[in-house]
Amino acid sequence: MNIKPFVGICAGVAGIFLSSCNDAINQVGPSILPDEDRITVYADTFQLTASTVKLDSVFAKTAYGYLGEFYDPLYGRLKSDYLCQFYCQENFQFSRTPYEGKIDSVFLYLEYSGWTGDAYTPMEVQIYPVTKQLNKIYYANIQASDYSDMQNRLASQVVSASNGIISGIQSISTAGDTSYYHSFEIRLPVELGQKIYDETQQNPSTFRNQETFNQFFPGLYVTTGYGSGTVFHVEDTRMMIRYRYAETSSTGVDSLVSAVDGFRLTKDVIQLNRFENTDTEQLLEDHADCTYLKTPAGIFTRLVIPAREIREVIQGRMINNLPLELKYLPQEEWLYALAPPSHLLLLPEDSLRSFFENSNIENSVFSYISTPDGVSSPTASGQGYNPTTRTYSFRNIANLLSYHLATSPDEDLRMLVVPVNRICQTYSNSSSYYYDSSSTTYYTTAISPYLAPSGLKLRKDNMQIVILSSRFTNKVKE
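Residues numbered from 1 in each chain as written. Predicted model: local features only at pLDDT ≥ 70, side-chain atom pairs only at ≥ 80, totals over all residues. Heavy atoms only, no water.

## Notes on the overall build of the protein
Thinking step 1. Each helix and strand in the protein was counted, giving six helices and 25 strands.
Thinking step 2. When the 478 residues of the protein are sorted by exposure, 50% land in the buried category.
Thinking step 3. Within the protein, contacts between residues separated by at least 24 positions form 81% of all contacts whose residues are at least 6 apart in sequence.
Thinking step 4. Surface accessibility of the protein: about 23,300 Å² in total, with carbon and sulfur atoms responsible for 48%. (Helix = DSSP H or I, 4+ residues; strand = E, 2+ residues; numbered from the N terminus. Buried < 20%, exposed > 50% of the residue type's maximum accessible area, 1.4 Å probe, protein only. Contact = heavy atoms within 4.5 Å. Areas by Shrake-Rupley, 256 points an atom, 1.4 Å probe, with all protein chains shown as cover.)

Right, here's the structure in full:
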(Lines give C-alpha, C1' and ligand atoms only; values in the text may rest on other atoms or scores of the structure.)
Protein backbone atom coordinates (compact mmCIF):
# COMPACT_ATOMS: atom_id res chain seq x y z
CA MET A 1 0.00 0.00 0.00
CA ASN A 2 1.36 3.45 -0.95
CA ILE A 3 0.41 6.65 0.83
CA LYS A 4 1.22 10.00 -0.77
CA PRO A 5 -0.08 13.05 1.13
CA PHE A 6 -0.32 16.34 -0.66
CA VAL A 7 -0.90 19.55 1.30
CA GLY A 8 -2.41 22.69 -0.16
CA ILE A 9 -5.69 24.27 -1.00
CA CYS A 10 -5.23 23.94 -4.77
CA ALA A 11 -4.54 20.22 -4.65
CA GLY A 12 -7.39 19.71 -2.22
CA VAL A 13 -9.89 21.51 -4.41
CA ALA A 14 -8.73 19.56 -7.44
CA GLY A 15 -9.28 16.31 -5.56
CA ILE A 16 -12.75 17.36 -4.52
CA PHE A 17 -13.72 18.33 -8.04
CA LEU A 18 -12.79 14.82 -9.17
CA SER A 19 -15.55 13.35 -7.04
CA SER A 20 -18.85 12.51 -8.66
CA CYS A 21 -21.77 14.88 -8.64
CA ASN A 22 -23.71 12.35 -6.54
CA ASP A 23 -21.21 12.33 -3.67
CA ALA A 24 -23.01 12.93 -0.38
CA ILE A 25 -20.02 14.81 1.02
CA ASN A 26 -19.99 18.39 2.29
CA GLN A 27 -17.55 20.16 0.02
CA VAL A 28 -15.89 23.51 0.79
CA GLY A 29 -15.20 25.94 -2.07
CA PRO A 30 -11.84 27.70 -2.28
CA SER A 31 -13.34 31.17 -2.10
CA ILE A 32 -14.52 30.77 1.50
CA LEU A 33 -11.42 29.10 2.92
CA PRO A 34 -9.44 31.42 5.22
CA ASP A 35 -5.64 31.33 5.11
CA GLU A 36 -5.34 29.25 8.24
CA ASP A 37 -7.52 26.42 6.83
CA ARG A 38 -5.92 23.62 4.88
CA ILE A 39 -7.08 20.50 3.03
CA THR A 40 -4.75 17.53 2.99
CA VAL A 41 -5.24 15.14 0.08
CA TYR A 42 -4.09 11.50 0.09
CA ALA A 43 -3.71 8.95 -2.68
CA ASP A 44 -3.74 5.40 -1.29
CA THR A 45 -3.27 2.28 -3.38
CA PHE A 46 -4.94 -1.00 -2.42
CA GLN A 47 -5.02 -4.45 -3.95
CA LEU A 48 -8.28 -6.11 -4.96
CA THR A 49 -8.85 -9.84 -4.98
CA ALA A 50 -10.79 -11.46 -7.80
CA SER A 51 -12.31 -14.88 -8.43
CA THR A 52 -14.71 -16.57 -10.82
CA VAL A 53 -18.13 -17.58 -9.46
CA LYS A 54 -21.15 -19.35 -10.93
CA LEU A 55 -24.76 -18.63 -9.96
CA ASP A 56 -27.36 -21.37 -9.65
CA SER A 57 -29.54 -19.84 -12.35
CA VAL A 58 -29.62 -16.99 -14.85
CA PHE A 59 -32.29 -14.28 -14.74
CA ALA A 60 -33.62 -14.30 -18.30
CA LYS A 61 -36.57 -11.94 -18.59
CA THR A 62 -36.57 -10.66 -22.16
CA ALA A 63 -38.81 -10.29 -25.19
CA TYR A 64 -36.15 -11.94 -27.33
CA GLY A 65 -35.15 -15.56 -27.73
CA TYR A 66 -31.89 -17.40 -28.23
CA LEU A 67 -32.13 -20.60 -30.19
CA GLY A 68 -29.48 -23.15 -31.03
CA GLU A 69 -26.37 -24.91 -29.82
CA PHE A 70 -22.74 -23.78 -29.82
CA TYR A 71 -19.45 -25.15 -28.54
CA ASP A 72 -16.37 -23.08 -27.68
CA PRO A 73 -13.08 -24.88 -26.81
CA LEU A 74 -12.54 -22.60 -23.80
CA TYR A 75 -16.02 -21.64 -22.61
CA GLY A 76 -17.75 -24.96 -23.22
CA ARG A 77 -21.10 -25.96 -24.68
CA LEU A 78 -24.28 -23.87 -24.75
CA LYS A 79 -27.77 -24.96 -25.75
CA SER A 80 -30.57 -22.40 -25.73
CA ASP A 81 -34.29 -22.46 -26.49
CA TYR A 82 -37.51 -20.90 -25.19
CA LEU A 83 -41.16 -21.37 -24.29
CA CYS A 84 -43.57 -18.56 -25.14
CA GLN A 85 -47.12 -17.32 -25.07
CA PHE A 86 -48.66 -15.23 -27.86
CA TYR A 87 -50.36 -11.87 -27.49
CA CYS A 88 -54.09 -11.84 -28.17
CA GLN A 89 -55.93 -8.59 -28.83
CA GLU A 90 -59.09 -8.25 -26.76
CA ASN A 91 -62.12 -9.77 -28.51
CA PHE A 92 -59.95 -10.97 -31.38
CA GLN A 93 -61.67 -11.96 -34.61
CA PHE A 94 -60.26 -12.84 -38.02
CA SER A 95 -60.09 -9.81 -40.29
CA ARG A 96 -61.86 -11.70 -43.09
CA THR A 97 -64.10 -14.73 -43.35
CA PRO A 98 -62.11 -17.71 -44.68
CA TYR A 99 -63.55 -19.22 -47.84
CA GLU A 100 -65.85 -22.09 -46.84
CA GLY A 101 -64.53 -21.60 -43.29
CA LYS A 102 -61.24 -23.30 -44.13
CA ILE A 103 -57.71 -22.39 -43.10
CA ASP A 104 -55.03 -23.05 -45.74
CA SER A 105 -51.80 -23.16 -43.71
CA VAL A 106 -50.09 -22.17 -40.45
CA PHE A 107 -46.47 -21.08 -40.04
CA LEU A 108 -44.22 -20.11 -37.17
CA TYR A 109 -42.25 -17.06 -38.30
CA LEU A 110 -38.86 -16.45 -36.66
CA GLU A 111 -36.96 -13.24 -37.40
CA TYR A 112 -33.37 -12.98 -36.20
CA SER A 113 -31.03 -10.00 -35.99
CA GLY A 114 -27.84 -12.05 -35.98
CA TRP A 115 -26.24 -15.25 -34.81
CA THR A 116 -23.25 -16.65 -32.98
CA GLY A 117 -21.22 -19.29 -34.76
CA ASP A 118 -21.22 -20.74 -38.25
CA ALA A 119 -23.85 -19.35 -40.63
CA TYR A 120 -23.72 -22.48 -42.80
CA THR A 121 -24.23 -25.14 -40.14
CA PRO A 122 -27.57 -26.95 -40.61
CA MET A 123 -29.74 -27.18 -37.52
CA GLU A 124 -33.10 -28.82 -36.90
CA VAL A 125 -35.71 -26.59 -35.26
CA GLN A 126 -38.43 -28.47 -33.37
CA ILE A 127 -41.78 -27.15 -32.13
CA TYR A 128 -43.83 -28.67 -29.28
CA PRO A 129 -47.13 -27.56 -27.73
CA VAL A 130 -47.13 -25.96 -24.31
CA THR A 131 -49.76 -27.73 -22.23
CA LYS A 132 -49.35 -26.04 -18.83
CA GLN A 133 -49.80 -22.36 -18.03
CA LEU A 134 -46.50 -20.50 -18.03
CA ASN A 135 -45.60 -18.63 -14.87
CA LYS A 136 -43.48 -15.52 -14.52
CA ILE A 137 -40.43 -17.47 -13.42
CA TYR A 138 -37.69 -15.70 -15.29
CA TYR A 139 -34.83 -17.97 -14.29
CA ALA A 140 -33.33 -20.15 -16.97
CA ASN A 141 -33.13 -23.47 -15.10
CA ILE A 142 -36.74 -24.53 -15.78
CA GLN A 143 -37.51 -27.94 -17.28
CA ALA A 144 -39.33 -27.75 -20.61
CA SER A 145 -40.95 -31.14 -19.97
CA ASP A 146 -42.78 -29.63 -16.98
CA TYR A 147 -44.73 -27.37 -19.35
CA SER A 148 -44.74 -29.12 -22.74
CA ASP A 149 -45.94 -32.34 -24.31
CA MET A 150 -42.62 -33.73 -25.51
CA GLN A 151 -44.36 -36.73 -27.11
CA ASN A 152 -46.31 -34.53 -29.51
CA ARG A 153 -43.95 -32.76 -31.89
CA LEU A 154 -45.88 -30.26 -33.98
CA ALA A 155 -43.18 -29.54 -36.52
CA SER A 156 -39.50 -29.81 -37.38
CA GLN A 157 -37.43 -28.16 -40.07
CA VAL A 158 -33.74 -27.91 -40.96
CA VAL A 159 -32.48 -24.33 -41.22
CA SER A 160 -29.20 -22.41 -41.31
CA ALA A 161 -28.44 -18.76 -40.69
CA SER A 162 -27.20 -18.27 -44.25
CA ASN A 163 -30.47 -19.51 -45.75
CA GLY A 164 -32.70 -17.03 -43.95
CA ILE A 165 -34.71 -14.63 -46.08
CA ILE A 166 -33.84 -10.93 -45.74
CA SER A 167 -36.88 -9.46 -43.99
CA GLY A 168 -35.86 -5.88 -43.24
CA ILE A 169 -33.08 -3.39 -42.60
CA GLN A 170 -31.62 -3.61 -39.12
CA SER A 171 -29.27 -0.61 -39.27
CA ILE A 172 -27.14 1.54 -41.57
CA SER A 173 -23.69 2.51 -40.34
CA THR A 174 -22.04 5.89 -40.82
CA ALA A 175 -19.88 4.24 -43.45
CA GLY A 176 -22.96 3.26 -45.39
CA ASP A 177 -22.85 -0.45 -44.55
CA THR A 178 -26.26 -2.03 -44.11
CA SER A 179 -27.15 -4.91 -41.79
CA TYR A 180 -30.37 -6.81 -42.22
CA TYR A 181 -32.89 -8.84 -40.30
CA HIS A 182 -33.33 -12.39 -41.59
CA SER A 183 -36.17 -14.82 -41.10
CA PHE A 184 -37.45 -18.29 -41.81
CA GLU A 185 -40.83 -19.98 -41.54
CA ILE A 186 -41.64 -23.38 -40.06
CA ARG A 187 -44.86 -25.01 -41.20
CA LEU A 188 -47.20 -25.99 -38.35
CA PRO A 189 -50.20 -28.36 -38.61
CA VAL A 190 -53.09 -26.71 -40.41
CA GLU A 191 -55.35 -28.23 -37.73
CA LEU A 192 -53.94 -25.74 -35.24
CA GLY A 193 -55.10 -22.75 -37.30
CA GLN A 194 -58.43 -24.40 -38.01
CA LYS A 195 -58.96 -25.00 -34.30
CA ILE A 196 -58.34 -21.34 -33.55
CA TYR A 197 -60.69 -20.10 -36.28
CA ASP A 198 -63.46 -22.49 -35.26
CA GLU A 199 -63.09 -21.30 -31.67
CA THR A 200 -63.60 -17.67 -32.74
CA GLN A 201 -66.93 -18.72 -34.25
CA GLN A 202 -68.15 -21.14 -31.63
CA ASN A 203 -66.78 -19.63 -28.41
CA PRO A 204 -65.82 -15.98 -29.01
CA SER A 205 -65.47 -15.44 -25.25
CA THR A 206 -62.24 -17.43 -25.44
CA PHE A 207 -60.67 -14.34 -27.01
CA ARG A 208 -62.13 -11.87 -24.54
CA ASN A 209 -58.73 -11.19 -22.98
CA GLN A 210 -55.21 -12.57 -22.66
CA GLU A 211 -56.00 -14.82 -19.72
CA THR A 212 -58.85 -16.64 -21.44
CA PHE A 213 -56.78 -17.04 -24.61
CA ASN A 214 -53.85 -18.50 -22.64
CA GLN A 215 -56.17 -21.10 -21.16
CA PHE A 216 -57.22 -22.12 -24.64
CA PHE A 217 -53.76 -21.91 -26.22
CA PRO A 218 -50.92 -21.88 -23.62
CA GLY A 219 -48.15 -21.40 -26.19
CA LEU A 220 -45.26 -23.16 -27.96
CA TYR A 221 -41.88 -24.58 -27.03
CA VAL A 222 -39.24 -23.71 -29.64
CA THR A 223 -36.11 -25.85 -29.42
CA THR A 224 -33.54 -27.66 -31.57
CA GLY A 225 -32.73 -31.26 -32.36
CA TYR A 226 -29.56 -32.19 -34.20
CA GLY A 227 -26.99 -29.68 -35.37
CA SER A 228 -24.47 -27.73 -33.32
CA GLY A 229 -22.59 -24.60 -34.28
CA THR A 230 -25.08 -21.72 -34.36
CA VAL A 231 -27.18 -19.75 -31.88
CA PHE A 232 -29.81 -17.47 -33.45
CA HIS A 233 -30.65 -14.11 -31.82
CA VAL A 234 -34.42 -14.23 -32.39
CA GLU A 235 -36.03 -10.77 -32.33
CA ASP A 236 -39.56 -11.67 -33.43
CA THR A 237 -41.68 -14.80 -33.05
CA ARG A 238 -45.10 -14.98 -34.73
CA MET A 239 -47.69 -17.61 -35.50
CA MET A 240 -49.25 -16.77 -38.87
CA ILE A 241 -52.55 -18.25 -40.09
CA ARG A 242 -53.11 -18.04 -43.84
CA TYR A 243 -56.38 -18.44 -45.70
CA ARG A 244 -58.33 -17.19 -48.69
CA TYR A 245 -61.53 -15.20 -48.73
CA ALA A 246 -64.02 -14.40 -51.48
CA GLU A 247 -64.05 -10.89 -52.90
CA THR A 248 -66.29 -9.45 -55.57
CA SER A 249 -64.62 -7.09 -58.02
CA SER A 250 -66.16 -3.94 -59.53
CA THR A 251 -67.16 -6.00 -62.56
CA GLY A 252 -69.09 -8.43 -60.39
CA VAL A 253 -66.62 -11.28 -60.81
CA ASP A 254 -65.85 -13.25 -57.65
CA SER A 255 -62.23 -14.15 -56.86
CA LEU A 256 -60.28 -15.63 -53.96
CA VAL A 257 -57.81 -13.33 -52.22
CA SER A 258 -55.08 -14.39 -49.79
CA ALA A 259 -55.05 -13.05 -46.24
CA VAL A 260 -53.01 -13.55 -43.07
CA ASP A 261 -53.98 -13.21 -39.43
CA GLY A 262 -52.03 -14.31 -36.44
CA PHE A 263 -50.46 -13.79 -33.06
CA ARG A 264 -47.02 -12.65 -32.00
CA LEU A 265 -44.76 -12.81 -29.01
CA THR A 266 -44.59 -9.38 -27.31
CA LYS A 267 -43.36 -7.96 -24.02
CA ASP A 268 -46.94 -8.19 -22.72
CA VAL A 269 -46.83 -11.99 -22.54
CA ILE A 270 -44.43 -14.50 -21.03
CA GLN A 271 -41.32 -15.84 -22.69
CA LEU A 272 -39.20 -18.29 -20.71
CA ASN A 273 -35.65 -18.66 -21.99
CA ARG A 274 -33.73 -21.82 -21.15
CA PHE A 275 -29.96 -22.23 -21.17
CA GLU A 276 -27.94 -25.39 -20.65
CA ASN A 277 -24.18 -24.95 -20.13
CA THR A 278 -21.69 -27.80 -19.83
CA ASP A 279 -17.89 -28.14 -19.85
CA THR A 280 -17.41 -24.99 -17.78
CA GLU A 281 -15.66 -26.49 -14.75
CA GLN A 282 -12.24 -25.24 -15.85
CA LEU A 283 -13.48 -21.65 -15.77
CA LEU A 284 -14.19 -21.88 -12.04
CA GLU A 285 -10.68 -22.97 -11.13
CA ASP A 286 -8.26 -20.50 -9.57
CA HIS A 287 -6.23 -19.12 -12.45
CA ALA A 288 -3.17 -16.99 -11.75
CA ASP A 289 -3.61 -14.60 -14.66
CA CYS A 290 -7.35 -14.02 -15.05
CA THR A 291 -10.95 -14.52 -13.98
CA TYR A 292 -13.80 -15.35 -16.36
CA LEU A 293 -17.21 -14.16 -17.43
CA LYS A 294 -19.48 -16.23 -19.66
CA THR A 295 -23.02 -15.55 -20.83
CA PRO A 296 -25.64 -16.79 -20.69
CA ALA A 297 -24.18 -19.08 -18.04
CA GLY A 298 -24.24 -17.01 -14.84
CA ILE A 299 -20.43 -17.16 -14.68
CA PHE A 300 -19.28 -13.81 -13.28
CA THR A 301 -16.27 -12.27 -11.56
CA ARG A 302 -16.33 -11.47 -7.86
CA LEU A 303 -14.25 -8.49 -6.71
CA VAL A 304 -13.39 -7.95 -3.06
CA ILE A 305 -12.32 -4.49 -1.90
CA PRO A 306 -10.33 -4.69 1.37
CA ALA A 307 -12.67 -2.35 3.24
CA ARG A 308 -11.32 -3.26 6.68
CA GLU A 309 -7.79 -2.34 5.64
CA ILE A 310 -9.03 0.83 3.99
CA ARG A 311 -10.93 1.85 7.12
CA GLU A 312 -7.76 1.65 9.19
CA VAL A 313 -5.84 3.84 6.75
CA ILE A 314 -8.35 6.57 5.95
CA GLN A 315 -10.07 7.10 9.29
CA GLY A 316 -11.30 10.67 9.60
CA ARG A 317 -11.05 11.42 5.89
CA MET A 318 -13.58 11.98 3.14
CA ILE A 319 -13.39 9.67 0.11
CA ASN A 320 -13.42 11.94 -2.90
CA ASN A 321 -12.66 9.72 -5.86
CA LEU A 322 -12.33 6.01 -6.57
CA PRO A 323 -12.06 5.12 -10.26
CA LEU A 324 -11.94 1.47 -11.27
CA GLU A 325 -10.63 0.01 -14.51
CA LEU A 326 -10.98 -3.63 -15.49
CA LYS A 327 -8.71 -4.76 -18.29
CA TYR A 328 -9.25 -7.95 -20.23
CA LEU A 329 -7.02 -10.30 -22.17
CA PRO A 330 -7.31 -10.64 -25.97
CA GLN A 331 -10.04 -12.86 -27.29
CA GLU A 332 -9.09 -16.29 -28.64
CA GLU A 333 -7.89 -16.51 -32.22
CA TRP A 334 -9.83 -19.56 -33.30
CA LEU A 335 -12.80 -19.37 -35.65
CA TYR A 336 -16.05 -18.06 -34.08
CA ALA A 337 -14.37 -17.09 -30.81
CA LEU A 338 -16.81 -15.50 -28.36
CA ALA A 339 -16.89 -11.69 -28.29
CA PRO A 340 -16.85 -9.43 -25.18
CA PRO A 341 -20.23 -8.36 -23.70
CA SER A 342 -21.36 -4.83 -24.53
CA HIS A 343 -21.43 -3.51 -20.93
CA LEU A 344 -20.49 -4.60 -17.43
CA LEU A 345 -22.49 -3.84 -14.31
CA LEU A 346 -20.80 -3.47 -10.93
CA LEU A 347 -22.85 -3.88 -7.76
CA PRO A 348 -22.76 -5.50 -4.29
CA GLU A 349 -23.05 -9.26 -4.49
CA ASP A 350 -26.13 -9.46 -2.27
CA SER A 351 -28.15 -7.03 -4.43
CA LEU A 352 -27.88 -8.80 -7.78
CA ARG A 353 -31.18 -10.67 -7.60
CA SER A 354 -33.27 -7.66 -6.56
CA PHE A 355 -31.58 -5.43 -9.16
CA PHE A 356 -32.93 -7.41 -12.11
CA GLU A 357 -36.22 -8.49 -10.57
CA ASN A 358 -37.07 -4.84 -9.83
CA SER A 359 -35.96 -3.65 -13.28
CA ASN A 360 -33.45 -1.22 -11.78
CA ILE A 361 -30.87 0.86 -13.62
CA GLU A 362 -27.50 2.11 -12.38
CA ASN A 363 -27.69 4.90 -9.78
CA SER A 364 -23.97 5.62 -9.21
CA VAL A 365 -24.47 4.87 -5.51
CA PHE A 366 -25.13 1.14 -5.25
CA SER A 367 -24.71 0.15 -8.90
CA TYR A 368 -22.47 1.30 -11.74
CA ILE A 369 -22.34 0.63 -15.47
CA SER A 370 -19.13 0.59 -17.46
CA THR A 371 -18.18 3.32 -19.91
CA PRO A 372 -15.28 3.63 -22.37
CA ASP A 373 -12.22 5.19 -20.71
CA GLY A 374 -14.08 6.47 -17.65
CA VAL A 375 -16.15 9.12 -19.40
CA SER A 376 -18.76 10.75 -17.20
CA SER A 377 -21.73 9.05 -18.88
CA PRO A 378 -22.41 6.26 -21.37
CA THR A 379 -21.88 7.23 -25.00
CA ALA A 380 -23.62 6.69 -28.29
CA SER A 381 -21.20 3.96 -29.37
CA GLY A 382 -23.43 1.28 -27.93
CA GLN A 383 -20.62 -0.38 -26.00
CA GLY A 384 -19.27 0.18 -22.53
CA TYR A 385 -15.63 -0.64 -23.15
CA ASN A 386 -12.64 0.49 -25.16
CA PRO A 387 -11.64 -2.27 -27.62
CA THR A 388 -8.27 -0.62 -28.30
CA THR A 389 -7.09 -0.62 -24.68
CA ARG A 390 -9.35 -3.58 -23.79
CA THR A 391 -10.72 -1.71 -20.78
CA TYR A 392 -14.08 -1.45 -19.02
CA SER A 393 -14.06 1.72 -16.89
CA PHE A 394 -16.11 2.78 -13.88
CA ARG A 395 -15.58 6.49 -13.34
CA ASN A 396 -16.07 6.80 -9.59
CA ILE A 397 -17.41 4.21 -7.14
CA ALA A 398 -16.59 6.30 -4.05
CA ASN A 399 -20.25 6.47 -2.98
CA LEU A 400 -20.49 2.69 -2.70
CA LEU A 401 -17.35 2.37 -0.59
CA SER A 402 -18.33 5.29 1.65
CA TYR A 403 -21.74 3.73 2.32
CA HIS A 404 -20.19 0.34 3.01
CA LEU A 405 -17.68 1.77 5.49
CA ALA A 406 -20.50 3.59 7.28
CA THR A 407 -22.80 0.56 7.52
CA SER A 408 -20.52 -2.50 7.53
CA PRO A 409 -17.08 -1.31 8.68
CA ASP A 410 -15.96 -4.75 9.84
CA GLU A 411 -16.60 -6.50 6.52
CA ASP A 412 -14.81 -6.36 3.20
CA LEU A 413 -16.87 -5.15 0.23
CA ARG A 414 -17.85 -8.04 -2.07
CA MET A 415 -19.05 -7.05 -5.53
CA LEU A 416 -20.04 -8.83 -8.72
CA VAL A 417 -19.08 -7.89 -12.26
CA VAL A 418 -22.03 -8.84 -14.47
CA PRO A 419 -22.46 -8.53 -18.27
CA VAL A 420 -25.57 -6.52 -19.18
CA ASN A 421 -27.46 -4.96 -22.05
CA ARG A 422 -28.12 -1.23 -21.80
CA ILE A 423 -30.86 0.77 -23.54
CA CYS A 424 -30.45 4.52 -23.62
CA GLN A 425 -32.08 7.71 -24.82
CA THR A 426 -30.65 11.15 -25.38
CA TYR A 427 -31.33 14.73 -24.49
CA SER A 428 -29.54 17.85 -25.59
CA ASN A 429 -27.89 20.22 -23.14
CA SER A 430 -27.94 23.03 -25.67
CA SER A 431 -30.66 25.62 -26.12
CA SER A 432 -29.44 26.28 -29.66
CA TYR A 433 -31.63 25.57 -32.63
CA TYR A 434 -28.65 23.86 -34.24
CA TYR A 435 -27.76 20.32 -33.29
CA ASP A 436 -24.50 20.00 -31.42
CA SER A 437 -23.43 16.42 -30.76
CA SER A 438 -21.00 17.55 -28.07
CA SER A 439 -23.90 18.79 -25.96
CA THR A 440 -25.88 15.55 -26.14
CA THR A 441 -26.15 13.35 -23.06
CA TYR A 442 -27.05 9.67 -23.19
CA TYR A 443 -28.92 8.29 -20.21
CA THR A 444 -29.97 4.76 -19.33
CA THR A 445 -33.61 3.77 -19.61
CA ALA A 446 -33.28 0.01 -19.05
CA ILE A 447 -30.71 -2.62 -18.08
CA SER A 448 -31.16 -6.36 -18.58
CA PRO A 449 -28.87 -9.38 -18.29
CA TYR A 450 -26.66 -9.95 -21.31
CA LEU A 451 -27.97 -13.20 -22.78
CA ALA A 452 -26.11 -13.42 -26.09
CA PRO A 453 -23.18 -15.85 -26.08
CA SER A 454 -20.06 -14.00 -24.88
CA GLY A 455 -16.83 -14.70 -23.04
CA LEU A 456 -14.30 -12.50 -21.26
CA LYS A 457 -11.04 -12.96 -19.35
CA LEU A 458 -10.39 -10.17 -16.83
CA ARG A 459 -6.72 -9.62 -16.03
CA LYS A 460 -5.64 -10.17 -12.43
CA ASP A 461 -2.40 -8.21 -12.79
CA ASN A 462 -4.34 -4.94 -12.94
CA MET A 463 -6.48 -5.41 -9.84
CA GLN A 464 -5.54 -2.23 -7.99
CA ILE A 465 -7.49 0.81 -6.90
CA VAL A 466 -6.24 4.27 -5.94
CA ILE A 467 -8.45 6.06 -3.41
CA LEU A 468 -8.26 9.84 -3.35
CA SER A 469 -9.33 11.11 0.08
CA SER A 470 -9.00 14.37 1.97
CA ARG A 471 -8.96 15.78 5.48
CA PHE A 472 -9.91 19.35 6.42
CA THR A 473 -7.62 20.93 9.02
CA ASN A 474 -8.29 24.14 10.94
CA LYS A 475 -5.17 25.81 12.31
CA VAL A 476 -5.77 28.35 15.08
CA LYS A 477 -3.74 31.52 14.70
CA GLU A 478 -1.11 32.31 17.30
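## Considerations on the packing of aromatic side chains
One pair of aromatic rings is described through two measures. These are the centre distance and the angle between the planes.
Thinking step 1. Applying the stated criterion across every chain yields a total of 24 aromatic pairs.
Thinking step 2. Residues Phe184 and Phe232 carry aromatic rings whose centres are separated by 5.5 Å and whose planes lie at 70° to one another, so their mutual orientation is edge-to-face. Taken together, the positions of Phe184 in strand E10 (residues 178-188) and Phe232 in strand E12 (residues 230-248) put the pair 48 residues apart, joining distant regions of the chain.
Thinking step 3. Among the aromatic residues, those joined into a ring-pair cluster are Phe86, Phe92, Phe94, Tyr197, Phe207, Phe213, Phe216, Phe217, Tyr243 and Phe263.
Thinking step 4. Stacked on the ring of Tyr147, the Lys or Arg Lys132 has its end atom at 5.4 Å from the ring centre.
Thinking step 5. The ring of Tyr42 is capped by Arg317, whose NZ or CZ atom sits 3.7 Å from the centre of that ring. (Phe/Tyr/Trp six-rings, centres within 6.5 Å; stacked < 30°, edge-to-face > 60°. Lys NZ or Arg CZ within 6 Å of the ring centre and 35° of its normal.)

## Some thoughts on the side chain of Asp261
Thinking step 1. With respect to the helices and strands, Asp261 occurs in strand E13 (residues 254-264).
Thinking step 2. Put simply, Asp261 is tucked away with no salt bridge, and the nearest opposite charge, on Arg96, sits 7.7 Å away.
Thinking step 3. In this structure the side chain of Asp261 is engaged in a polar contact, spanning 2.5 Å, whose partner is the side chain of Tyr243.
Thinking step 4. Not counting chain neighbours up to four residues away, the residues in contact with Asp261 comprise Phe92, Phe94, Ser95, Arg96, Met239, Met240, Ile241 and Tyr243. (Lys, Arg positive; Asp, Glu negative; His and termini not counted. Salt bridge = Lys/Arg side-chain N within 4 Å of Asp/Glu carboxyl O. Polar contact = N/O pair within 3.5 Å; in protein donor to acceptor, adjacent residues only side chain to side chain.)

## Side note on the side chain of Asn396
Thinking step 1. Within the secondary structure, Asn396 sits in the loop between strand E21 (391-394) and helix H6 (398-407).
Thinking step 2. In this structure Asn396 comes out as buried when scored by relative accessible area, which is 5%.

## Remarks on the pairing of strand E15 (residues 290-295)
Each regular strand carries side chains that alternate between the two faces of the sheet.
Thinking step 1. With six of its six residues buried, E15 lies for the most part within the structure.
Thinking step 2. Here E15 shows two buried faces, one formed by Cys290, Tyr292 and Lys294 and the other by Thr291, Leu293 and Thr295.
Thinking step 3. Pairing of E15 with strand E24 (residues 454-459), which is carried by six bridges, proceeds in the antiparallel orientation. Along E24, the bridge assignment pairs Thr295 with Ser454. (Pairing = 2+ DSSP bridges.)

## Remarks on the pattern of salt bridges
Thinking step 1. If you walk through the whole model with that rule in mind, you get 18 salt bridges.
Thinking step 2. Salt-bridge contacts for Arg238 lead to Asp236; the nearest nitrogen and oxygen are separated by 2.6 Å.
Thinking step 3. You can call Asp236 buried: its relative accessible area is 4%.
Thinking step 4. Connected via shared salt-bridge partners are Asp81, Arg274 and Glu276.

## What about the nonpolar core?
Thinking step 1. If you look at the biggest cluster of nonpolar residues, it comprises 41 residues, and the most contacted ones within it are Phe86, Leu108, Leu110, Ile127, Leu188, Met239 and Phe263.
Thinking step 2. Broken down by element, this core gets its largest block of residues, six residues, from E12. (Core = buried A, V, L, I, M, F, W, Y, C linked by side-chain atoms within 4.5 Å.)

## Details of unusual backbone geometry
Thinking step 1. Put simply, Thr295 and Pro296 share a cis peptide bond, and its omega is -5°.
Thinking step 2. Mapping Pro296 onto the fold places it in the loop between E15 and strand E16 (299-305).
Thinking step 3. Backbone geometry at Asp279 places phi at a positive 60°, although glycine is not the residue there.
Thinking step 4. A residue is classified by how much of its surface remains accessible, and Asp279, at 37% relative accessible area, is partly exposed.
Thinking step 5. In this structure, Arg390 is a non-glycine residue whose phi angle is positive, near 55°.
Thinking step 6. Structurally, Arg390 is set in the loop between strand E20 (368-369) and E21.

## Topic: helix H2 (residues 190-202)
Structural remark: α-helix, 3.6 residues per turn; residues separated by three or four positions point the same way.
Thinking step 1. Here H2 spans 18 Å end to end across 13 residues, near enough to the 18 Å set by a 1.5 Å rise per residue.
Thinking step 2. The set of residues buried in H2 consists of Leu192, Gly193, Gln194, Ile196, Tyr197, Glu199 and Thr200. (Expected span 1.5 Å × (residues − 1).)

## A closer look at the confidence of the model for the protein
Thinking step 1. The predicted model of the protein has a mean per-residue pLDDT of 87, with 84% of residues at 70 or higher.
Thinking step 2. Every residue in residues 430-437 scores below 50 in pLDDT, and together they form two contacts with partners more than four places removed in sequence or on other chains. (pLDDT = per-residue confidence, 0-100.)

## What about the environment of Ala144?
Thinking step 1. Here Ala144 is to be found in the loop between strand E7 (123-129) and strand E8 (155-159).
Thinking step 2. For the pair Ala144 and Leu83, spaced 61 residues apart in the sequence, the C-alpha separation amounts to 7.6 Å.
Thinking step 3. In this structure Ala144 touches Leu83, Tyr221 and Arg274, once residues within four positions along its chain are discounted.

## Quick look at the environment of Asn91
Thinking step 1. Within the secondary structure layout, Asn91 lies in the loop between strand E5 (76-84) and strand E6 (105-117).
Thinking step 2. Here Asn91 falls in the exposed class, since its relative accessible area comes to 53%.
Thinking step 3. Counting along the chain gives 113 residues from Asn91 to Pro204, while the straight-line C-alpha distance between them is 7.2 Å.
Thinking step 4. Excluding residues that lie within four positions of it along the chain, Asn91 makes contacts with Phe207 and Arg208.

## A look at the environment of Glu247
Thinking step 1. If you trace the backbone, Glu247 turns up in strand E12.
Thinking step 2. For Glu247 and Tyr99, which are 148 residues apart along the polypeptide, the C-alpha to C-alpha distance reads 9.8 Å.

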